[in-house]
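Structural overview for review
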Amino acid sequence: MRHKKRGHMSKFEQIDEMHKTLLSKVNSLSSTADSIGISPLGDIRDGVDDCIRFLANELIPFCEVSHAVLYPVVGEMFGSLSATNTMSHDIVEIRHLTTELEKLHHILNSNDEINTFEANRLRAALYGLHAVVTLHLTKESEVYVSMLEKRLTNEEIQELLDRVNHALSALK
């Protein structure tokens, strides 16, 4: 995540904290993948269920708010709204992998065991999500939020944070 000077408080501390919280939960994706073939099937089912709940209820809504509120401002700073397309593509891939994970979770719940092919697909989806989500949140923090912090006035930052909070509360 962004490196702050000692004693320097980020103007986007709230978003930094959200990133930190999300990243701490992202590790459950790889630990669940690591457990496949080692842990009992019931534990794997529970782990995948927790991952899907995290993705659907926390991560994807946060990404959608960032896309709707932060990215247009960043696009204006770059002089083109298409400048944020790579981040939008990350979100598409996160949704795609989450859908794949949901399909595999259904297969897990319908069977008494998991075959090698399904185990490999499940690992690939979980490790893929871990990589894409980690990279996405890191880019958002180190590039976008850092740029916004440097270029916006305190009033503009507060207005942007208010819009983020409003959009997040509307999702609840």
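Throughout what follows, the structure given in this document is the object of discussion. As the structure is a computational prediction, the values presented were derived from the model and not from experiment. (Residues numbered from 1 in each chain as written. Predicted model: local features only at pLDDT ≥ 70, side-chain atom pairs only at ≥ 80, totals over all residues. Heavy atoms only, no water.)

Per the counting criterion, the structure on display carries 7 salt bridges. Put simply, lysine 20 and glutamate 17 hold a salt bridge, and the shortest N to O gap is 3.3 Å. Taken together, the positions of lysine 20 and glutamate 17, both in helix H1 (residues 13–35) and 3 residues apart, correspond to about one turn of that helix. On the accessibility criterion, lysine 20 (49% relative accessible area) is partly exposed. (Salt bridge = Lys/Arg side-chain N within 4 Å of Asp/Glu carboxyl O. Helix = DSSP H or I, 4+ residues; strand = E, 2+ residues; numbered from the N terminus. Buried < 20%, exposed > 50% of the residue type's maximum accessible area, 1.4 Å probe, protein only.)

Take helix H3 (residues 85–110) next. Every α-helix carries 3.6 residues per turn, so stepping three or four residues along brings you back to the same face. When the terminal C-alpha atoms of H3 are compared, their 38 Å separation across 26 residues agrees well with the 38 Å that a helix rising 1.5 Å per residue should span. Residues Met87, Ser88, Asp90, Ile91, Ile94, Leu97, Thr98, Glu100, Leu101, Leu104, His105 and Leu108 constitute the buried set of H3. Against the buried residues of H3 lie helix H2 (41–78) and helix H4 (116–151). (Expected span 1.5 Å × (residues − 1). Contact = heavy atoms within 4.5 Å.)

Residues Glu155, Glu156, Glu159 and Asp162 make up a contiguous surface patch of negative charge. Examined against the element boundaries, aspartate 162 turns out to sit in helix H5 (residues 154–171). (Patch = residues over 30% accessible without salt bridge, like charges linked within 9 Å, V, L, I, M, F, W, Y side chains within 5 Å. Areas by Shrake-Rupley, 256 points an atom, 1.4 Å probe, with all protein chains shown as cover. Lys, Arg positive; Asp, Glu negative; His and termini not counted. Charge placed at Lys NZ, Arg CZ, Asp CG, Glu CD.)

Moving on, we get to H1. Taking 1.5 Å per residue, 23 residues should reach 33 Å; H1 reaches 34 Å between its end C-alpha atoms and fits that length. Of the residues making up H1, those classed as buried are Ile15, Asp16, Met18, His19, Leu22, Leu23, Val26, Leu29, Ser30, Thr32, Ala33 and Ser35. Where H1 is buried, its residues contact H2, H4 and H5. Positive backbone phi, approximately 90°, marks glycine 37, located one or two places after H1.

Moving on, we come to the packing of aromatic side chains. Under the criterion given, the structure shown has 1 aromatic pair. Seen in terms of ring centroids, tyrosine 71 and tyrosine 144 are 5.4 Å apart; in terms of plane orientation they differ by 85°. Their pairing is edge-to-face. Of the two residues, tyrosine 71 sits in helix H2 while tyrosine 144 sits in helix H4, which places them 73 residues apart along the sequence. (Phe/Tyr/Trp six-rings, centres within 6.5 Å; stacked < 30°, edge-to-face > 60°.)

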